Amino acid sequence: MLEGKIALVTGASRGIGKAIALELAEKGATVIVNYAGSEQLAQETVNEIKEKGREACLMQCNVADDESCKQLAEEVIRQYGRLDILVNNAGITRDGLIMRMSEEDFDQVLDINLKGTFHMIRHFSKYFLKQRSGRIINISSVSGILGNAGQANYSASKAGVIGLTKSVAREFATRGICVNAVAPGFIDTDMTKGMPESALAEVNKMIPMGKMGDAKDVAKAVAFLAGEDASYITGQVLCVDGGMAI
Ligand code: NAI
């Protein structure tokens, strides 16, 4: 279904990004696995894709760094001549109550989650527009829709991703480029593993389906938005959250 397509997934060394990279590869895409620092883990993602008989390569880039994103875009076009699917997944949390939140923690989260997504879209936009085709899928969060105590920085960044998604969707709509967001709820990854048992029990109570999701659940939604079946869908936010944001 995605045979012949070139896909780039940011922050694909582990968690949801890795699951997305594997899912897109499973569907036939050649996957560029981006990572910031963890080359060894990212290489494992590449190896797993190759074991499936698909093509993959590694590209290092800190998405918070505008110049690195520009170079990444140039390198992708130099090697592959095009990009069909861009998944902006890289993200971090620096949780804390607003009264004690440092400006550094606020800025870091905004720089990676929101500006990183902006940098990537901006530097790939000229290629997408020239191709007159493409899919951009941004990973937001239910925290960006509902807000979350202790996550003012993260929620602001993820709400920003939704605004960015809708605006770019409008800009690109006549050029055959679809831009959507996926908003996961609580997904079992390293990002959520640090939570204490008591907090986890509380979380499960907030989820109508009563359990956390799996990275694969998010990956399957992304693969749908990247595929032909979603060619008339743009500017949407698809929640993958067991009903949290109903
Ligand atoms: P994770 O912490 O396991 O993975 C995040 C990935 O992003 C890592 O591979 C990390 O190296 C990479 N990354 C961090 N900063 C980067 C940078 N500056 N440049 C490039 N890569 C960078 O987290 P997880 O859970 O897999 O999250 C993936 C995305 O899903 C994030 O955007 C997160 O905000 C979002 N999300 C996760 C939820 C969850 O419950 N796990 C819920 C809602 C959204």
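We now turn to the structure provided with this report. Residue positions within a chain follow its written sequence, with the count starting from 1. In keeping with the model being predicted, local features are shown solely for residues with a pLDDT of at least 70 and side-chain atom pairs are shown and tallied solely at 80 or more, while totals for entire chains, interfaces and linings include all residues. Water and hydrogen atoms play no part in the side-chain values, which are based on all heavy atoms of the structure.

This part takes up the site of the ligand. We define proximity as follows: a residue is near a molecule or strand when any one of its heavy atoms falls within 4 Å of that partner. Looking at the ligand, there are 28 residues lining it, with Arg-14, Asn-62, Asn-89, Tyr-154 and Thr-189 nearest. Here an oxygen atom of the ligand sits 3.3 Å away from a polar atom, N or O, in the main chain of Gly-185. Definition of a polar contact: a pair of N or O atoms within 3.5 Å, with one able to donate and the other able to accept a hydrogen when the atoms are protein atoms, and with sequence-neighbouring residues admitted only if both atoms are side-chain atoms. Interatomic distance of 2.5 Å between a side-chain N/O atom of Thr-189 and an oxygen atom of the ligand. By the criteria applied, helices consist of DSSP H or I runs no shorter than four residues and strands consist of E runs no shorter than two, each listed in order from the N terminus. Broken down by secondary-structure element, the contributors of at least two residues to the shell around the ligand are helix H1 (15-26), helix H6 (152-172) and helix H7 (190-193). A total of three residues in the shell around the ligand trace back to one element, the largest contributor, which is H7. A per-class count over the shell around the ligand returns 13 nonpolar, twelve polar and three charged. Each residue receives one of three labels: charged for Asp, Glu, Lys and Arg, nonpolar for Ala, Val, Leu, Ile, Met, Phe, Trp, Tyr, Cys and Pro, and polar for the others, Gly being one of them.

Mapped onto the fold, Ser-140 is located in the loop between strand E5 (134-139) and helix H5 (143-146). The buried label applies to any residue whose accessible area, calculated with a 1.4 Å probe on protein chains only, is under 20% of its type's maximum; exposed applies above 50%, and partly exposed to all values in between. Given a relative accessible area of 2%, Ser-140 falls into the buried group. Setting aside chain neighbours within four positions, we find Ser-140 in contact with Lys-158, Val-161, Ile-162, Ala-181, Val-182, Ala-183 and Pro-184. Pairs of residues are marked as contacts when any of their non-hydrogen atoms sit within 4.5 Å.

Turning to the pattern of salt bridges, a few remarks are in order. Salt bridge, as used here, is a side-chain nitrogen of Lys or Arg placed within 4 Å of a carboxyl oxygen of Asp or Glu. Counting across every chain of the model gives 13 salt bridges. Residue Glu-23 is joined to Lys-27 by a salt bridge in which the shortest nitrogen-to-oxygen separation is 2.8 Å. One salt bridge in this structure joins Glu-202 and Lys-205, with 3.0 Å as the shortest N-O distance. Placement of both Glu-202 and Lys-205 in helix H8 (residues 197-206) is noted, with a separation of three residues, approximately one turn of the helix. For Glu-202, a relative accessible area of 44% gives the class partly exposed. Judged by its relative accessible area of 64%, Lys-205 falls in the exposed class.

By definition here, a helix of n residues has an expected span of 1.5 Å times n minus one. For H6, with 21 residues, the first-to-last C-alpha span of 30 Å sits near the 30 Å given by 1.5 Å per residue. Where H6 is concerned, the buried positions are Asn-153, Tyr-154, Ser-155, Ser-157, Lys-158, Val-161, Ile-162, Leu-164, Thr-165, Val-168, Ala-169 and Phe-172. In this structure, the buried side of H6 is in contact with helix H4 (103-131), E5, H5, strand E6 (177-184), H7 and strand E7 (237-240).

What follows concerns the nonpolar core. Judged by nonpolar contacts, the single largest core of 35 residues is most densely connected at Ile-20, Leu-24 and Val-31. Of all the secondary structure elements, the ones that give two or more residues to this core are strand E1 (6-9), H1, strand E2 (30-35), helix H2 (39-51), strand E4 (85-88), E5 and helix H9 (215-226). For this core, the element with the highest residue contribution is H9, accounting for eight residues. Setting aside residues no more than four positions away along its own chain, Ile-20 makes contact with Val-9, Val-87, Asn-89, Ile-139, Ala-219 and Val-222. Buried residues of nine kinds, namely Ala, Val, Leu, Ile, Met, Phe, Trp, Tyr and Cys, make up a nonpolar core once their side-chain atoms join them within 4.5 Å.

As a further point, take the packing of helix H3 (residues 66-80) against H4. Each pair of packed helices gets described by two things: the angle between the helix axes and the distance between those axes. What counts as an axis is a line fitted to C-alpha atoms, over the stretch in contact for a helix, and the angles between N-to-C directions run from 0 to 180 degrees. It is the contact of H3 with H4, at a shortest axis distance of 9 Å, that shows an interaxial angle of 35 degrees. H3 and H4 meet at a crossing whose hand is right-handed. Residue-level contacts link Asp-66, Cys-69, Lys-70, Leu-72, Ala-73, Glu-74, Val-76 and Ile-77 of H3 to His-119, Met-120, Arg-122, His-123, Phe-124 and Tyr-127 of H4. The sense of a crossing depends on the near helix, which, turned anticlockwise from the far helix by less than a right angle, makes the crossing left-handed and, turned clockwise, makes it right-handed.

We now examine the sheet that holds E7. Two strands make a pair as long as DSSP finds a minimum of two bridges between them. One open sheet accounts for seven strands, arranged E3-E2-E1-E4-E5-E6-E7; its pairing is parallel. Only two strands of the sheet have a single neighbouring strand rather than two, namely strand E3 (56-60) and E7. Strand-to-strand, the axes of this sheet are offset by a mean angle of 20 degrees, without reference to chain direction. Two elements, E2 and E3, share five bridges in a ladder whose sense is parallel.

Contact geometry of H1 with H9 gives a least axis separation of 8 Å together with a crossing angle of 50 degrees. Classified by the interaxial angle, the pair formed by H1 and H9 is oblique. Along this stretch, H1 crosses H9, giving a crossing that reads as right-handed. Across the interface between the two elements, Gly-15, Ile-16, Ala-19, Ile-20, Glu-23 and Leu-24 from H1 touch Ala-215, Lys-216, Val-218, Ala-219, Lys-220, Val-222, Ala-223 and Ala-226 from H9. Its residues assigned to classes, the contact of H1 with H9 shows ten nonpolar, one polar and three charged. To sort the angles, those under 35 degrees are grouped as roughly parallel, those over 145 as roughly antiparallel, those from 65 to 115 as roughly perpendicular, and the leftovers as oblique.

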